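# Examining the three-dimensional arrangement
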Amino acid sequence: MKPSVGIRDVAQHAGVSNATVSNVLNRPDVVAPATRQRVLAAIEQLGFVRNESARQLRAGSSRVIAYVVLDAANPFFTDVARGVEDAARDAGLALFLCNSASDGGREREYLELLHEQRVEGILITPVDAESAQIAERGTPVVLVDREATDGTRCSVAVDDVLGGELAVTHLIENGHTRIAMVGGPLSIQQVRDRREGAVRALTNAGLPAESLTFLETRSLQVAEGRGAGERLVGLPASRRPTAAFCANDLLALGLLQSMTQQGLRVPDDLAVVGYDDIEFAAAAAVPLTSVRQPREQLGRTAAQLLLSENEPDHEHRHVKFQPELVVRASTAVKRRK
């Protein structure tokens, strides 16, 4: 095995001191340009790779931030992570992605590991935003797609109450008065907020809250949307909803599939609104009306807040983005000739 190349080898090759090589690696601005180029050429020729583990031990932290996502199978979190990565790269940092899969125990294990690895900061969409296990313990933590209500850390989120209101107001304006909401479990704050917004839209329109048929799901996955479609069609025709608002696009796509399998038409037999406006929403067999969240901006802003944690005048704050309704064919109103 070829022995590894160290700083001493680079220094000898370039004809400089070990300290000069260290400065080129860590403080290149203090080294004369000609000397710096000579050292960089030696690094390239010898194939030198910095011992990052040793640097971390000296500095007490790494050049890495981490994002613990709630569900890596959901394209929403992939888009958020892309925004985080862009901000990390701009700052010269790497990004670790960890998937809790909505499992509190798995989330706890990742947090322990990340604290041990001395990452520079942790972004997390937690299973439970109030959980004590996300305490900072010396490592800055920012909540993503959750609101920090106690003021002890930064957070970024979207106004999900407004998002639910936008979705159901749109359905009411299209003439629907019997509306279903598909989502769950209710332990997820976003589901509760979006349902609150749906009820608010009904109240504002003078309709009773009971006009909303809530079909709770065990998760926010496509299969759960298909199951909700079967339950919806099984309701008595006299009270069967003519429209459905889904807590995310994956549920809505599953619901669309179920309607097709059961020979029902969207939007003629059932109008459908999703939430998130992931890429697949516009590409669905019936393009999906959806409440759009600024996913990449959400991630970028969260990372920027995390990177500002070490600034002397840093103050914790919550950034709330506004959702936007994107109307497509799944709620189109048929015009009579």
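About the thresholds
- Residues numbered from 1 in each chain as written.
- Predicted model: local features only at pLDDT ≥ 70, side-chain atom pairs only at ≥ 80, totals over all residues.
- Heavy atoms only, no water.
- Pairing = 2+ DSSP bridges.
- Helix = DSSP H or I, 4+ residues; strand = E, 2+ residues; numbered from the N terminus.
- Axes fitted to C-alpha atoms, helices over the stretch in contact; angles between N-to-C directions.
- Contact = heavy atoms within 4.5 Å.
- Parallel < 35°, antiparallel > 145°, perpendicular 65-115°, else oblique.
- Left-handed = near helix turned anticlockwise from the far one by under 90°.
- Nonpolar A, V, L, I, M, F, W, Y, C, P; charged D, E, K, R; others polar.

## Topic: the sheet that holds strand β9 (residues 271-276)
The 6 strands are arranged β7-β6-β8-β9-β10-β12 in an open sheet whose pairing can be described as mixed. On the outer flanks of this sheet lie β7 (212-216) and β12 (324-326), each paired with one strand and no other. Taken over all neighbouring pairs, the strand axes of this sheet differ in orientation by 20 degrees on average, direction set aside. With 4 bridges joining them, β9 and strand β10 (residues 289-292) adopt parallel strand pairing. Bridge pairing links tyrosine 275 to valine 291 in β10. Contacts from helix α10 (residues 249-261) reach β6 (179-183), β8 (243-246), β9 and β10, with the element oriented near 155 degrees to β9.

## Some thoughts on the packing of helix α9 (residues 222-233) against α10
Between α9 and α10, the least distance of the axes is 6 Å, while the angle of their chain directions is 50 degrees. Relative to α10, α9 is oriented oblique. Here α9 runs over α10; the crossing is right-handed. Listed contacts from α10 to Val222, Glu224, Gly225, Arg226, Ala228, Gly229, Glu230 and Val233 of α9 are Leu250, Leu251, Gly254, Leu255, Gln257, Ser258, Met259 and Gln261. Partitioning the contact of α9 with α10 into residue classes produces 7 nonpolar, 6 polar and 3 charged.

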